[in-house]
Amino acid sequence: MDLFIFIVCLAVSAINTYIAFSAVSGNQPRFISEKRKTIMNWFYLSVSLLVIAFLLDASKLVSLGSCGGLTGACAVFGVLSALAVIISGKEVKRRSLLKLAVRSLMVCGLAEMFVFNFNCTHLFGKNYQKGRFDLGSAISENYNAETGTNLTSGEFFLEYDAIDIPIGTLTFDAESNVRGYVDVSIDMTDDTNTASYRFDIANGRIIDGNRKSMTIPCNFSGAVHKIRFRFSAKDGETITIKSISANEPINFRFSIMRFGIIYGICLLFWLMTSSKQFSKSFGENSDLTVRLANLLTVLLIAAALWLTNAGRYEYTEHNFAADFKSTSGNQITQELVDAFIDGRVTMSTQMNQELLALDNPYDWSQRNTLDSYVPWDHLLYDGEYYSYYGIGPVLTLFLPYKLITGYYFPSCWAVFLFGCIGILFLTKLYLCFMEKFFRKTRSSLIIMGLFIIQMITGVWFCFNVPNFYEIAQTSGFACVTSGAYFMLSSNVIGDGKIKKGRLAASAALLSLGVLCRPTLAVYCVAALLFIYAGFAKLKRSGEKKKVGYVSYFACALLPFAIIGSVQMIYNYMRFGSFFDFGIQYSLTINDFTKSQYHTHFVMIGLFNYLFAMPSFIQDFPFFSMSYVPTFNPQGYYFVATVSSLGILWKALPVLSYGFGIKAYRLSKNENKRLYTLLLIAVCIACPFAVIFSIWESGYGARYCVDFAWQIFIGALVIAFIMYGKLCDSLKKHLCRAMAVSALISLVLCFAQIYNWIDPLTLSADYQSDCLSFARLFEFWR
């Protein structure tokens, strides 16, 4: 009966979808137009019967088994398709949008009902009898049958002999007091292998709050004779087995979230590629484009909040107010704060005399021989501990907060704050840049470019592990993006009068970025080129030399001098040198006092940051970046983040650099030589200098925050110049290619972030949420 109902629903839905497609498109086949009345009557009748079937099942008057939900979904989509057919017979505005909406609705609906729920047909047409395993009569090990729990940590199992029945599904009602899921492995013998177990022949993951995950489809042959269920408990974990049953049907489950995601992507793809509104230029459509960009920024900040809480709940109680009354912290949030309050630059951590007695205290292998505590990633110089990490966030946030409240500002919310400032100013910088130079570019291209640049920044690897490394990187990200925005909006390049206040703000923020992360000094050097460009513009404007030039250079250079001198004095107070940042004195995984430069190590970083390819896997998110190619380094190379994905793949428009020379020749801008120099400096030279400089620290995906978005902006400049020179048909193809690139960026960046955070390491609530989301798309499990 279930199989018959399923086939009928499939046939009726397919026919109705075809009729709705034809009616909405206005290109009906002849047999439909000739017998329209008869076909429409059948159409409405079939929809009515589906609605009646669903109501009978919902009211319990008739049982349709696992197909009850299927008839309901078919009825809903039938009603929606009927409305579409009715509307199509009338004069409606924006018929193309209606056509797209209906077609997407039908396709997504059919996929939801007959693809994502195909497992509900698993038992159809086969003679499976329901049964429940008696937990008390099982042959067991490390299992208490009275309480239904494991006795100790480690593996425990339940085993049954002489079952001798076919098994199509196994349903487990189990839960853990520590994790948000329970894993089970199944060994069995069936008619194809009777003498010994087939080990791990099936497995399942029972997710808290996810009923569908409780039932595992099994593809055994004939009768199952013996079966064993194996579970594994961690230290301190109690797994409770409430029931195990066989041959329970897998019920139909319509997921509004899954449907909404796929349907939303279809609509957005159409809006970006075919909508007349978004085919307008940015200049014509700036208000709508800016509103959409702001909405995207808000959504990204919401995603950052989710990641922050996912990491925060792993280590702390769910108490927001308590976070801001912290009495302890890390190297930046506490140790540097306490040192500055006490008027010192040394850390207050008590010096380990055994460490000083070592032949080489910077040698990790020698430090590991000590039983006493040695602080990690601190600097050791002249018998004192120091911090390498920047004082920028200390001076701007952590020290003032401690002086005002008496507490230490929480690391997780500092990373969130700095990261969100960076995300916000990256949007503002991007829109300001497009407003200046690409007002004639299609607005949908502007939006898609913003989406990709935000996805690839690398800041997403900082939120869920908010240590002092991530504080340095997110604060530097915030300073560089905001500094770049004020530099660009000061009008030192492009049209408009130079705004010296914004220029001063830019210089202050960029130099403050060096106090957050010394590597970012390269962007201060690049800023000098912009200052020179502004000076040349000032000279052309005819402003009085004595007043204009002095005030200009005061605003442009004085912040660099003042804030830079703070860093130089800080360096001198620690190491007796204005230019020594002290990284070589790090007590870390490698001895930087003796490590030597190797070009091979630089090439490892270049390949992984730019070209490393994803690999397809069967588990969500379906792409893995768990391997970091090092090409046989024949030496020690540190891999901090096993999540490698090249910018080339997650931001396909980077390929536009191949058209750089052609774009230069096609450009009619009178300042194209100067602008080309600026592009090479900021988008190529500085990023490659950063990649080159971090060879000693190894590979880490979060380092992309220092250079990824800069590389992409340069590629977009070339792409948009080329776009302006194309014919209309090629412009449409480029727009579609950009939309595909944005979709690929979403999939690959999400996969890289998902692999990096590893949901199984999160708190139980977040584990179950992530695994349930993954199960939406792992529909075969």
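Enquirer: Outline the environment of methionine 573, supporting the account with residue identities and numerical values.
Expert: Here methionine 573 shows up in helix α18 (residues 545-575). Judged by relative accessible area, methionine 573 falls into the exposed class, the value being 51%.

Enquirer: Which residues make up the environment of serine 475, and what are the values?
Expert: Of note, serine 475 is situated in helix α15 (residues 468-489). The sequence separation of serine 475 and cysteine 516 amounts to 41 residues, and the corresponding C-alpha distance is 6.2 Å. Ignoring anything within four residues of it in the chain, the contact list for serine 475 reads Pro393, Phe418 and Cys516.

Enquirer: Help me get a handle on the pattern of salt bridges, residues and values and all.
Expert: Enumeration over the complete set of coordinates arrives at 16 salt bridges. Here arginine 258 ties to glutamate 112 by a salt bridge, and the two come within 2.5 Å at their closest N and O atoms. Of this pair, arginine 258 sits in helix α6 (residues 256-274) while glutamate 112 sits in helix α5 (residues 95-114), and the two are 146 residues apart along the sequence. The class for arginine 258 is buried, based on a relative accessible area of 2%. Classification of glutamate 112 as buried rests on a relative accessible area of 1%. A salt bridge links aspartate 187 to arginine 228, with the nearest nitrogen and oxygen atoms 3.1 Å apart. Of this pair, aspartate 187 sits in strand β8 (residues 181-190) while arginine 228 is found in strand β11 (residues 223-233), placing the two residues 41 residues apart along the sequence. With respect to burial, aspartate 187 and arginine 228 carry one shared label: buried. Bridged by salt links that share partners, the residues Glu155, Asp187, Asp200, Arg228 and Arg230 form one connected network.

Enquirer: Which residues make up the pairing of β8, and what are the values?
Expert: Counting buried residues along β8, eight of its ten residues qualify, which places the element largely inside the surrounding structure. Across eight bridges, the pairing between β8 and strand β9 (residues 193-207) is antiparallel. Counterpart to serine 185 in the pairing with β9 is asparagine 203. Hairpin connection between β8 and β9: a loop of two residues separates the two successive antiparallel strands. Here β8 runs beside β11; their pairing, made up of six bridges, is antiparallel. Bridge assignment links aspartate 190 to a residue of β11, and that residue is valine 224.

Enquirer: So what about empty space enclosed by the protein? Which residues, and what values?
Expert: It is a probe the size of a water molecule, rolled over the atoms, that shows where empty space is left. Overall, the coordinates contain four cavities of 30 Å³ or more when judged by the stated rule. Reported here for the largest cavity is a volume of approximately 110 Å³. In terms of residue count, helix α25 (residues 764-777) provides more of the lining of the largest cavity than any other element does, three residues in total. In terms of residue class, the lining of the largest cavity is made up of three nonpolar, four polar and six charged.

Enquirer: Tell me about unusual backbone geometry, and name the residues and values.
Expert: The omega torsion across phenylalanine 620 and proline 621 is 10°, close enough to zero to call that bond cis. Position of proline 621 relative to the elements: it lies in the loop between β15 (615-616) and β16 (623-624). The phi torsion at aspartate 200 lies on the positive side, around 50°, for a residue other than glycine. With phi around 50°, aspartate 758 is a residue other than glycine that occupies positive phi space. On the secondary structure map, aspartate 758 appears in the loop between α24 (728-757) and α25. Given a relative accessible area of 32%, aspartate 758 falls into the partly exposed group.

Enquirer: Lay out the nonpolar core in plain terms, naming residues and giving numbers.
Expert: In terms of nonpolar packing, the biggest core is built from 153 residues, with Phe398, Tyr430, Met434, Trp460, Ile647, Phe707 and Phe720 touching the most fellow members. With 16 residues, the single largest contributor to this core is helix α13 (residues 411-437). Sequence-distant contacts of phenylalanine 398, that is, excluding residues within four places in its chain, are made with Ile332, Thr333, Val337, Pro393, Phe409, Ala414 and Ile471. Judged by nonpolar contacts, the second largest core, of 31 residues, contains Ala138, Phe156, Leu170 and Phe229.

Enquirer: Would you mind going over the pairing of β11 in detail, with residue names and values included?
Expert: For a regular strand, side-chain orientation follows a simple rule: the groups alternate between the two sheet faces. Among the eleven residues of β11, nine are classified as buried, and the element is accordingly described as predominantly covered. Two elements, strand β6 (residues 165-166) and β11, share two bridges in a ladder whose sense is antiparallel. Counted as the bridge partner of isoleucine 165 is valine 224 from β11.

Enquirer: Explain the packing of aromatic side chains to me, and be specific about the residues and the numbers.
Expert: The tally for this structure, following the rule as stated, stands at 62 aromatic pairs. Centroid distance tyrosine 197 to phenylalanine 199: 6.3 Å. Interplanar angle 55°. Geometry classified as tilted. On the basis of an interplanar angle of 45° and a centroid distance of 5.9 Å, the ring pair of phenylalanine 425 and phenylalanine 486 is categorised as tilted. Of this pair, phenylalanine 425 sits in helix α13 while phenylalanine 486 sits in helix α15; the two residues are 61 residues apart in sequence, bridging distant segments of the chain. With a relative accessible area of 17%, phenylalanine 425 lands in the buried category. One aromatic cluster in this structure is built from Phe116, Phe118, Phe620, Phe622, Phe750, Tyr754, Phe773, Phe777, Phe779 and Trp780. The ring of phenylalanine 157 has arginine 228 lying over it, and the distance from NZ or CZ to the ring centre is 5.6 Å.

Enquirer: Tell me about a nonpolar patch on the surface, and please be specific about residues and values.
Expert: A grouping of Ile265, Leu743, Leu746, Val747 and Phe750 is seen on the molecular surface, where their side chains present a nonpolar patch of about 330 Å² in accessible area. No other element matches the four residues that α24 contributes to the nonpolar patch. Within the fold, valine 747 resides in helix α24. On the basis of relative accessible area, valine 747 is assigned to the partly exposed category, the value being 34%.

Enquirer: Mind laying out the packing of helix α19 (residues 599-610) against helix α22 (residues 672-693), listing which residues take part and the relevant values?
Expert: At a minimum axis distance of 8 Å, the contact between α19 and α22 shows a crossing angle of 125°. As the angle between them shows, α19 and α22 are arranged oblique. Once α19 is placed against α22, the crossing between them reads as right-handed. Only Phe688, Ile691 and Phe692 of α22 make contact with α19, whose side of the interface consists of Val602, Gly605, Leu606, Tyr609 and Leu610. Counted by class, the contact of α19 with α22 contains seven nonpolar, one polar and no charged residues.

Cut-offs applied
Residues numbered from 1 in each chain as written. Predicted model: local features only at pLDDT ≥ 70, side-chain atom pairs only at ≥ 80, totals over all residues. Heavy atoms only, no water. Helix = DSSP H or I, 4+ residues; strand = E, 2+ residues; numbered from the N terminus. Buried < 20%, exposed > 50% of the residue type's maximum accessible area, 1.4 Å probe, protein only. Contact = heavy atoms within 4.5 Å. Salt bridge = Lys/Arg side-chain N within 4 Å of Asp/Glu carboxyl O. Pairing = 2+ DSSP bridges. 1 Å grid on protein atoms, 1.4 Å probe; cavity = no way out; pocket = protein on both sides within 12 Å on 5 of 7 lines; lining within 4 Å. Points joined across faces, edges and corners; volume = space filled by probe spheres on them. Nonpolar A, V, L, I, M, F, W, Y, C, P; charged D, E, K, R; others polar. Core = buried A, V, L, I, M, F, W, Y, C linked by side-chain atoms within 4.5 Å. Phe/Tyr/Trp six-rings, centres within 6.5 Å; stacked < 30°, edge-to-face > 60°. Lys NZ or Arg CZ within 6 Å of the ring centre and 35° of its normal. Patch = residues over 30% accessible without salt bridge, like charges linked within 9 Å, V, L, I, M, F, W, Y side chains within 5 Å. Areas by Shrake-Rupley, 256 points an atom, 1.4 Å probe, with all protein chains shown as cover. Axes fitted to C-alpha atoms, helices over the stretch in contact; angles between N-to-C directions. Parallel < 35°, antiparallel > 145°, perpendicular 65-115°, else oblique. Left-handed = near helix turned anticlockwise from the far one by under 90°.

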